[in-house]
Amino acid sequence: MPNWNRHRELEVFLTTFDGEQHLRLHGWLKRNDVIIKSENIVKQDDYFGVFTVYVTENQLEKLKENNTESALFMELEVMSTESERWNLFQDRTKDKDKILESIENFMFSFQIRDKKDIERFVKEANETSLALFKKNDDFIDDYVKTDEMSAKDKVKDLDLMIEAFVEEERYEDCALLVKIKDKIIKNYKKQLN
């Protein structure tokens with residue numbers, strides 16, 4: 001049985017200002033193998049979305065350094081106890097009409113127990129990405145043009161999403177993803193060859 005190097009992971013709450021920053025951060029997290037616990041698009045006046053992630057101390061330092069260069073997030077908060085998470089959550093949900101929706105989107109814990117948990121998480125991530133693409137053409141343009149992910153990683157990411165949606169026979173969604181993939185290939189023709 002192989003030995004696993006264990007690292008102390010911190011739960012971190014990252015807030016983004018707009019869609020472009022959100023996509024940059026998403027690309028950075030994927031490229032640096034950061035575990036994404038949850039991703040929510042909120043679109044409030046003072047912020048756009050939030051990521052809850054698990055990072056090692058080294059990843060956290062690297063994230064902070066890259067933020068000064070690339071403006072990956074506007075706010076970072078390290079969670080250490082359940083009560084801190086609840087207090088932060090309460091601060092974010094002052095609008096009583098949106099409390100129920102926020103509670104449904106908020107996840108208190110994420111545990112991978114078996115293959116089904118991983119499959120469910122990947123499915124949720126795919127659905128979130130697809131929802132972003134469907135919401136606004138600016139998200140698509142930002143995804144295509146951002147340098148936070150390489151063209152090959154973007155194409156691979158889209159291929160995996162297309163494969164998942166083909167299995168569910170969601171061909172309209174696949175068609176949208178193929179159009180985005182074609183835009184990436186056209187935009188990065190030299191890089192992909």
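Residues numbered from 1 in each chain as written. Predicted model: local features only at pLDDT ≥ 70, side-chain atom pairs only at ≥ 80, totals over all residues. Heavy atoms only, no water.

## As for the overall build of the protein chain
We count it as follows: Secondary structure counts use DSSP, requiring at least four H or I residues in a row for a helix and at least two E residues in a row for a strand, with both numbered from the N terminus. Burial classification: accessible surface area is computed with a 1.4 Å probe over protein chains only, and a residue below 20% of its type maximum counts as buried, one above 50% as exposed, and the rest as partly exposed. Any pair of residues with heavy atoms lying within 4.5 Å of one another is described as a contacting pair. Every accessible area reported is derived by Shrake-Rupley at a probe size of 1.4 Å, with residue values counting cover from the shown protein chains alone.
Counting its secondary structure elements, the protein chain contains nine helices and four strands. Counting from the amino terminus, helix and strand elements in the protein chain follow one another as β-α-β-β-α-β-α-α-α-α-α-α-α. For the protein chain, with 193 residues in total, the buried portion stands at 39%. A separation of at least 24 residues holds for 68% of the contacts in the protein chain among residues at least 6 apart in sequence. Looking at the protein chain as shown, the accessible area adds up to about 12500 Å², and 48% of this sits on carbon and sulfur atoms.

## Regarding the nonpolar core
General note: in soluble globular proteins, nonpolar side chains tend to be found buried as a group. Short version of the rule: Among buried residues, the Ala, Val, Leu, Ile, Met, Phe, Trp, Tyr and Cys ones that are joined through side-chain atoms within 4.5 Å form a nonpolar core.
Counting 21 residues, the largest nonpolar core has Phe133, Tyr143, Leu158, Leu177, Ile180 and Ile184 as its most contacted members. Broken down by secondary-structure element, the contributors of at least two residues to this core are helix 5 (115-135), helix 6 (137-145), helix 7 (151-167) and helix 8 (171-187). With six residues, helix 7 is the single largest residue contributor to this core. The next biggest cluster of nonpolar side chains, apart from the first, holds 15 residues, and it includes Val12, Trp28, Val34 and Leu72.

## Some thoughts on the pattern of salt bridges
Note the threshold: In the sections that follow, a salt bridge refers to a side-chain nitrogen of Lys or Arg positioned within 4 Å of a carboxyl oxygen of Asp or Glu.
Considering all chains together, one arrives at eleven salt bridges under this definition. Measuring nitrogen to oxygen at the nearest pair gives 3.9 Å for the salt bridge that ties Glu61 to Lys64. Here Lys64 and Glu61 lie together in helix 2 (residues 57-70), a separation of three residues that amounts to about one turn. With a relative accessible area of 43%, Glu61 lands in the partly exposed category. Take Lys64: its relative accessible area is 36%, and that puts it in the partly exposed class. Shared partners join several salt bridges into a network, and the residues in it are Lys123, Glu127, Lys134, Glu168, Arg170 and Asp173.

## Describing the environment of Phe73
Structurally, Phe73 is set in the loop between helix 2 and strand 4 (75-79). Taking the relative accessible area as the measure of exposure, Phe73 reaches 10% and is therefore buried. Along the chain, Phe73 and Gly49 lie 24 residues apart, while their C-alpha atoms are 9.7 Å from each other. For Phe73, the contacting residues outside a window of four places in its chain are Leu14, Thr15, Gln21, Leu25, Leu63 and Asn67.

## A short note on the packing of aromatic side chains
Aromatic rings considered in pairs are described by the distance between their centres and by the relative angle of their planes. Rules: Pairing of aromatic side chains requires ring centres within 6.5 Å, counting the rings of Phe and Tyr and the six-membered ring of Trp. Pairs whose planes differ by under 30 degrees are stacked, by over 60 edge-to-face, and all others tilted. Two conditions define a charge sitting above a ring: the NZ of Lys or the CZ of Arg must be within 6 Å of the ring centre, and it must be within 35 degrees of the ring normal.
The final tally for this structure, using the stated rule, is two aromatic pairs. Centroid distance Phe48 to Phe139: 5.7 Å. Interplanar angle 50°. Geometry classified as tilted. Residue Phe48 is found in the loop between strand 2 (35-41) and strand 3 (49-56), and its partner Phe139 is found in helix 6; the two are separated by 91 residues along the sequence. Take Phe139: its relative accessible area is 6%, and that puts it in the buried class. Ring centres of Phe133 and Tyr143 lie 5.1 Å apart, and the angle between their planes is 70°; on these two criteria the pair is classed as edge-to-face. You can see Phe133 sitting in helix 5 and its partner Tyr143 sitting in helix 6, a full ten residues away along the chain. Accessibility assignment for this pair places Phe133 and Tyr143 in one class, buried. The ring centre of Tyr143 lies 6.0 Å from the NZ or CZ of Lys154, which sits over that ring.

Any link to function would need more than the numbers given here.
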